[in-house]
Amino acid sequence: MRSLIRGFVAVVAIAVCQAPATVPARERPPIIDMHLHADLPPHDVTAGDPALCRPEPCQGDGRATANHAETLQKTLEAMDRHNIVKAFLSGVDPAIVQQWVDAAPGRFIAAPFILQPGRPDPQTLRRAYAAGRFGGLGEIATQLAGVPPNDPALEPYFALAAEIDVPVLVHTAGIGPYLPSFRSAAGSPLLLEDVLVRHPKLRLFVENAGYPYQGEMIAMMYQYPQLHADVSTISWVIPRTAFYDYLEALVQAGLGKRLMFGSDQMRWPEKIGDGIEAIEQAPFLTEEQKRDILYHNAARFLRLEQEPG
Ligand SMILES: [Zn+2]
């Protein structure tokens, strides 16, 4: 009997020793990642490719994952390592989004990625929200197809999100993937004005904080208090100096309570840590401002009940 108990204790001890890989790093304060991708529309990334970088000529680091399963596994590992307690998760294929939700119940706010107006159509989405399959909308990335956010074809999406009161992520920025139909001109934050006027309660947040349209973004955020921004790829895809100049300008403008961390992780889960590091090492941010960006601003925007850390 005693040896049986000893064996049992040994098994438990092994299990406990292995547990840290799946237990959140609770010694770190919590982080919310407002911008994760479960999958992406087809733009060619081959397994092992270095991460995106701008401006050319430049050399990205890291290695693209080989498949969805590896992206999910490495993203969850990064979330555990950095104590990311909640993430806004955008996906093209609802089945893949559901795999992520099932893999980490309660951890993701699932949302449909929209590249073309009509796909999926708003009525299909309305049913998905009613069934509880999604908790957010976007990223709305029609800029990649040359369609600006104030295009009438997108109005039913914003109206639906305002009606059911879900957060909306929109790609309205000067930079994006190298796609033939992408238009920088369709990414001016001023193009959000029609949407914001029509929907004063819409919980809208802008990817890349509208980079590099600094003045336009400040104008929109001053004029429309419901508008928020996440830092997205600029926390790792552009030179750190350029990111800091932009972030510091927004913080100096007094917008530090409406900026949120978002990694914009696609196929390079190691970039989650790089984005967090960029915030944590920013010499012009106070500790309180860092915690606001990494957690508190998103918790308030998402109306999370508890705000630890
Ligand atoms: Zn994105």
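Quick look at the overall build of the protein now. Of regular secondary structure, the protein possesses 10 helices and 8 strands. The proportion of buried residues among the 309 residues of the protein is 53%. Nonlocal contacts in the protein, meaning residues at least 24 apart in sequence, comprise 74% of its contacts between residues at least 6 apart.

Sheet topology note: the strand β4 (residues 137–140)/strand β5 (residues 168–170) ladder contains 2 bridges and is parallel. Across the sheet, L137 pairs through a bridge with V168, a residue of β5. Once the chain exits β4 it traverses helix α5 (residues 155–164) before rejoining the sheet at β5, and the crossover so formed is right-handed.

To continue, consider helix α8 (residues 240–252). In a regular helix each residue adds 1.5 Å, so 13 residues correspond to 18 Å; α8 covers 18 Å between its end C-alpha atoms and thus fits that length. Residues of α8 that are buried include every one of F243, Y244, Y246, L247, A249, L250 and V251, and no others. The elements touched by buried residues of α8 are α7 (214–223), β8 (259–260), α9 (270–280) and α10 (287–302). A positive backbone phi angle near 95° is found at G254, which sits one or two residues after α8.

Of the positions making up helix α3 (residues 94–103), those classed as buried are I96, V97 and W100. Along the axis of α3, the buried positions cluster into a sector of 105°, meaning they face one direction only. Seen from the open side of α3, the exposed residues pointing more than 90 degrees away from its buried face are P94 and D102. Against β1 (31–37), α2 (68–82), β2 (84–91) and β3 (108–112) lie the buried residues of α3.

Formed by 77 residues in total, the largest nonpolar core has its most connected members in F108, L137, L204, L227, F243 and L247. If you tally residues by element for this core, the top one is α8, at 6 residues. Those residues in contact with L204 that sit more than four places away from it in its chain are F158, V168, V170, L192, L196, Q226, L227, H228 and F301. Judged by nonpolar contacts, the second largest core, of 13 residues, contains F88, I109, A111 and F301.

Looking at the element boundaries, E139 is found in strand β4. No salt bridge is formed by the buried E139; its nearest oppositely charged neighbour, R54, is found at 12 Å.

What follows covers the pattern of salt bridges. In the structure shown here, the tally under the stated rule is 13 salt bridges. The partner of D80 in a salt bridge is R107, with the nearest N and O atoms 2.9 Å apart. Placement of D80 in helix α2 and of R107 in the loop between α3 and β3 is noted, with a sequence separation of 27 residues between them. Relative accessible area serves as the criterion here: at 9%, D80 is assigned to the buried category. Given the relative accessible area of 14%, R107 is considered buried. One salt bridge in this structure joins D274 and K271, with 2.9 Å as the shortest N-O distance. Here K271 and D274 lie together in helix α9, a separation of 3 residues that amounts to about one turn. Its relative accessible area of 3% is what places K271 among the buried residues. A single network of salt bridges, built from pairs that share partners, joins D61, K271 and D274.

Below, the discussion takes up the pairing of β2. Among the 8 residues in β2, 7 count as buried, and that is most of the element. Pairing geometry for β1 and β2, over 5 bridges, is parallel. Bridge assignment links D33 to a residue of β2, and that residue is A87. Assessed by its sense of winding, the connection that carries the chain from β2 through α3 to β3 is right-handed.

A full pass over the atoms with the stated rule returns 7 aromatic pairs. A centroid spacing of 5.4 Å and a plane angle of 85° characterise the contact between Y244 and F284, whose relative ring orientation is edge-to-face. Within this pair, whereas Y244 is found in helix α8, its partner F284 is found in the loop between α9 and α10, the two being separated by 40 residues in sequence. As far as burial versus exposure is concerned, Y244 and F284 are alike and both buried. The structure contains a cluster of three or more aromatic residues connected by ring pairs, namely F88, F205 and F301. Between R54 and the ring centre of Y178, over which it is positioned, the NZ or CZ distance is 4.0 Å.

Thresholds, definitions, all that
Residues numbered from 1 in each chain as written. Predicted model: local features only at pLDDT ≥ 70, side-chain atom pairs only at ≥ 80, totals over all residues. Heavy atoms only, no water. Helix = DSSP H or I, 4+ residues; strand = E, 2+ residues; numbered from the N terminus. Buried < 20%, exposed > 50% of the residue type's maximum accessible area, 1.4 Å probe, protein only. Contact = heavy atoms within 4.5 Å. Pairing = 2+ DSSP bridges. Right-handed = clockwise from strand over helix to strand, strands pointing away. Expected span 1.5 Å × (residues − 1). Arc of directions from axis to C-beta. Core = buried A, V, L, I, M, F, W, Y, C linked by side-chain atoms within 4.5 Å. Lys, Arg positive; Asp, Glu negative; His and termini not counted. Salt bridge = Lys/Arg side-chain N within 4 Å of Asp/Glu carboxyl O. Phe/Tyr/Trp six-rings, centres within 6.5 Å; stacked < 30°, edge-to-face > 60°. Lys NZ or Arg CZ within 6 Å of the ring centre and 35° of its normal.

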